[in-house]
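Overview (structure and organization)
Spelled out from the first residue to the last, the chains are:
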Amino acid sequence: MMNTMTTETAVAIAVPLEAELVERIRAVDPSVTVLYEPELLPPERFPADHSGDPAFQRTPEQEERYWAMLGKAQVLYGFPNESPAGLARIARDNPRLQWIHAMAAGAGGAVKASGLDAETLNKFKVTTSAGVHALPLAEFAALGILNGFKRSAELAQDQAARVWPELRTPTRLVNGSSLVVTGLGEIGLETARVARALGMKVSGTKRNVEPIDGIEEVVDNGGLAGLLASADAVVNTLPGTPYTEKLFNREIFGAMKPGTVFVNVGRGTVVDEDALAEALESGQVSYACLDVFAVEPLPQDSPLWNHPKAMVSPHTSALSAAENRLITERFCSNLRTFLDGGELPHLVDTVHFY
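Because the structure is predicted, anything quoted here is derived from the model rather than measured.

Analysis parameters
Residues numbered from 1 in each chain as written. Predicted model: local features only at pLDDT ≥ 70, side-chain atom pairs only at ≥ 80, totals over all residues. Heavy atoms only, no water. Helix = DSSP H or I, 4+ residues; strand = E, 2+ residues; numbered from the N terminus. Buried < 20%, exposed > 50% of the residue type's maximum accessible area, 1.4 Å probe, protein only. Axes fitted to C-alpha atoms, helices over the stretch in contact; angles between N-to-C directions. Parallel < 35°, antiparallel > 145°, perpendicular 65-115°, else oblique. Left-handed = near helix turned anticlockwise from the far one by under 90°. Contact = heavy atoms within 4.5 Å. Nonpolar A, V, L, I, M, F, W, Y, C, P; charged D, E, K, R; others polar. Polar contact = N/O pair within 3.5 Å; in protein donor to acceptor, adjacent residues only side chain to side chain. Core = buried A, V, L, I, M, F, W, Y, C linked by side-chain atoms within 4.5 Å.

Right, let's get into unusual backbone geometry. Cis geometry is found at the peptide bond from Glu296 to Pro297, where omega equals -5°. Inspection of the secondary structure assignment puts Pro297 in the loop between β11 (285-290) and β12 (310-312). Backbone geometry at Arg151 places phi at a positive 60°, although glycine is not the residue there. With respect to the secondary-structure elements, Arg151 resides in the loop between α6 (134-149) and α7 (152-160). Residue classification places Arg151 among the buried residues on the basis of a relative accessible area of 18%. Despite not being glycine, Lys246 shows a phi value in the positive range, around 50°. Relative to the elements of secondary structure, Lys246 occurs in the loop between β9 (233-236) and α10 (250-255).

Following this line, the structure appears as structure tokens:
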């Protein structure tokens, strides 16, 4: 069914984006008018810096122009000011709004933080960039697994101390080992693909349990403890929802066999960080590679900063120089679907917020 809108669809670019990528959006269909005023957008400090330079300030006149531009659009590329408050304001001020595409894969948290009620959220759709980040996150997860199996943290400490141990310590083979992936969505399945290429056997969790090609066993979160008993490594890709809050607690870490390698590229709230610190101390977890944390930036007094068996990454593992291009390609594909009256993929679930 064709979209019943008027012949023109206005798309407003709410976040920093390169001019050549804006042209790709313009080229999707002659009926698309792109509203893009780069002087109203903060400059990027690095590739895919969707929030832009925090030192950037619009003049009162520019601020008025920014919101007036967004108010004319049926479609937004990015949340206004890349913030929940911006989302709340445009939802209130723009009755013609039909769809917003979020830069993040896990945009549910920002939608929830906007405080919008269900009635307002049902007036427009929010899609995410889920899948765009799958490959860099899967590669980072592989890095974490390899770091743990190959003792890179201990090697770095010995190198810094100029120690050449008299007794050599063996490393572990990744090939033939078992991996559990919590959250077999796009990121989880890409992680599984990379892990299988390294010779790992992969099992995992999914909210709706169903057989998946190449995955040995699929369970829901209730069956996670059973999977962990034989796992050599665990990668979490789960989003932060009330159902995943502190899923990795003392009981779950206790279900792991001693020496398990743990990687988190999902959301920090899925892990009880006190329980993780205890598991690292006991040796239940031999190494933790963490890109996300319950509170970000990670508080200065967190023991994870100096832990000899933990890697702290500042929530940047999904970042790549290609990210803006990949998100724009995803948006253009979605825009074509939107114009044709089709079903948009990767909608934010406004009940569970993921």
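Put simply, α6 and helix α8 (residues 186-197) touch, their axes get as near as 8 Å, and they point 50° apart. On the basis of their axis angle, the class for α6 and α8 is oblique. Read as a crossing pair, α6 and α8 show a hand that is right-handed. In this structure, α6 uses Ala134, Leu135, Leu137, Ala138, Ala141 and Ala142 to contact α8, whose residues at the interface are Glu186, Ile187, Glu190, Thr191, Arg193 and Val194. Looking at side-chain class alone, the contact of α6 with α8 contains eight nonpolar, one polar and three charged residues.

Relative to the helices and strands, Lys257 resides in the loop between α10 and β10 (260-264). In this structure, the C-alpha to C-alpha distance between Lys257 and Ala48, residues 209 residues apart in sequence, is 39 Å. Not counting chain neighbours up to four residues away, the residues in contact with Lys257 comprise Leu228, Ala229, Ser230, Ala231, Asp232 and Gln284. For Lys257, the side chain forms a polar contact with the side chain of Asp232, separated by 2.9 Å.

Next up on the list: the nonpolar core. Residues Ile13, Ile25, Leu70, Tyr77, Phe124 and Leu335 are the most contacted members of the largest nonpolar core, which totals 51 residues. Within the residue set of this core, elements represented by two or more residues are β1 (9-13), α1 (19-26), β2 (32-35), α2 (60-71), β3 (75-77), α3 (84-93), β4 (99-101) and α12 (323-339). Sort the elements by how many residues they give to this core and α12 lands first, with six residues. Setting aside chain neighbours within four positions, we find Leu335 in contact with Val11, Ile25, Val28, Val32 and Trp99.

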